[in-house]
Amino acid sequence: MNKIDPSLFLTNQTKTREPNPQLDKEGFLKILMAQMQQQDPTDPMNSKEMVAQMTQLSSLEQIMNMTNSIEMLVQSQLISPVIEYSHMIGKVVSYEKENLASPEEASENKTSEVIAVSQKDGWAILELENGDKIYADAVITVKSKGNE
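From a predicted model like this one, the values you see are computed outputs, not experimental measurements.

The rules behind each value
- Residues numbered from 1 in each chain as written.
- Predicted model: local features only at pLDDT ≥ 70, side-chain atom pairs only at ≥ 80, totals over all residues.
- Heavy atoms only, no water.
- Helix = DSSP H or I, 4+ residues; strand = E, 2+ residues; numbered from the N terminus.
- Contact = heavy atoms within 4.5 Å.
- Core = buried A, V, L, I, M, F, W, Y, C linked by side-chain atoms within 4.5 Å.
- Buried < 20%, exposed > 50% of the residue type's maximum accessible area, 1.4 Å probe, protein only.
- Pairing = 2+ DSSP bridges.
- Axes fitted to C-alpha atoms, helices over the stretch in contact; angles between N-to-C directions.

Asker: For this particular structure, what's the right way to read the side chain of Glu113?
Answerer: Mapped onto the secondary structure, Glu113 falls in strand β2 (residues 108-120). Discounting residues that sit within four places of it in the chain, Glu113 has contacts with Gly90, Lys91, Val92, Glu127, Leu128, Glu129 and Lys145.

Asker: Help me understand the nonpolar core in this model?
Answerer: A general feature of soluble globular proteins is that nonpolar side chains tend to end up buried together. Met88, Val93, Tyr95, Val114, Val117, Ala124, Leu126, Leu128, Ile134, Ala136 and Val139 together form the largest nonpolar core, which totals 11 residues. Contributions of two or more residues to this core are made by β1 (92-97), β2 and β3 (123-128). Ranked by residue count, the leading element in this core is β3, at three residues. Among residues more than four places away in sequence, those in contact with Ile134 are Tyr95, Ala124, Ile125, Leu126, Leu128 and Val139.

Asker: Whenever I open this one, the sheet that holds strand β5 (residues 139-143) confuses me. Can you help?
Answerer: Within a beta sheet, neighbouring strands are joined by backbone hydrogen bonds and run either parallel or antiparallel to one another. In spatial order, the strands read β4-β3-β2-β1-β5; together these five strands make up an open sheet with antiparallel pairing. Sheet topology places β4 (133-135) and β5 at the edges, where each strand pairs with a single neighbour. Strand after strand, the sheet turns through a mean of 45° between neighbouring axes, direction not considered. Examined bridge by bridge, β1 and β2 share six bridges and lie antiparallel to one another. Its bridge partner being in β2, Lys97 is matched across the sheet by Glu108.

Worth remembering: the numbers are spatial, not functional.
Structure representation (structure tokens):
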């Protein structure tokens with residue numbers, strides 16, 4: 001015969017509560033319902049006060065949602081290196097190109113116009129008119145096309 005473990009009875013379960021420092025809509029409604037259930041029937045809660053509290057809660061919730069949306073928009077704009085470096089298209093950049101044919105020779109400075117921006121592994125890649133592709137942090141100088 002199987003015995004039932006007495007620790008599984010609901011009366012034997014620990015009753016711990018973790019306090020939540022933020023009052024959300026559900027918490028507010030629970031408090032409001034408790035107030036309404038415990039109120040004195042001869043002196044009920046003012047309905048105008050209840051509506052004002054609900055309005056404040058609704059406004060606060062909308063502001064918090066808007067704040068979260070704006071933060072997400074800002075983060076998405078900051079994350080994309082293509083957007084961050086798109087202003088470079090049409091600019092003339094100077095960069096240091098290593099001479100891979102003979103590593104003992106000094107590297108040379110090259111200049112070319114940026115025609116596109118792409119990304120690889122989260123890094124901005126500038127695609128140049130001369131066919132080179134360089135990382136954006138390899139740029140030494142940036143000039144407008146007319147100021148070459």
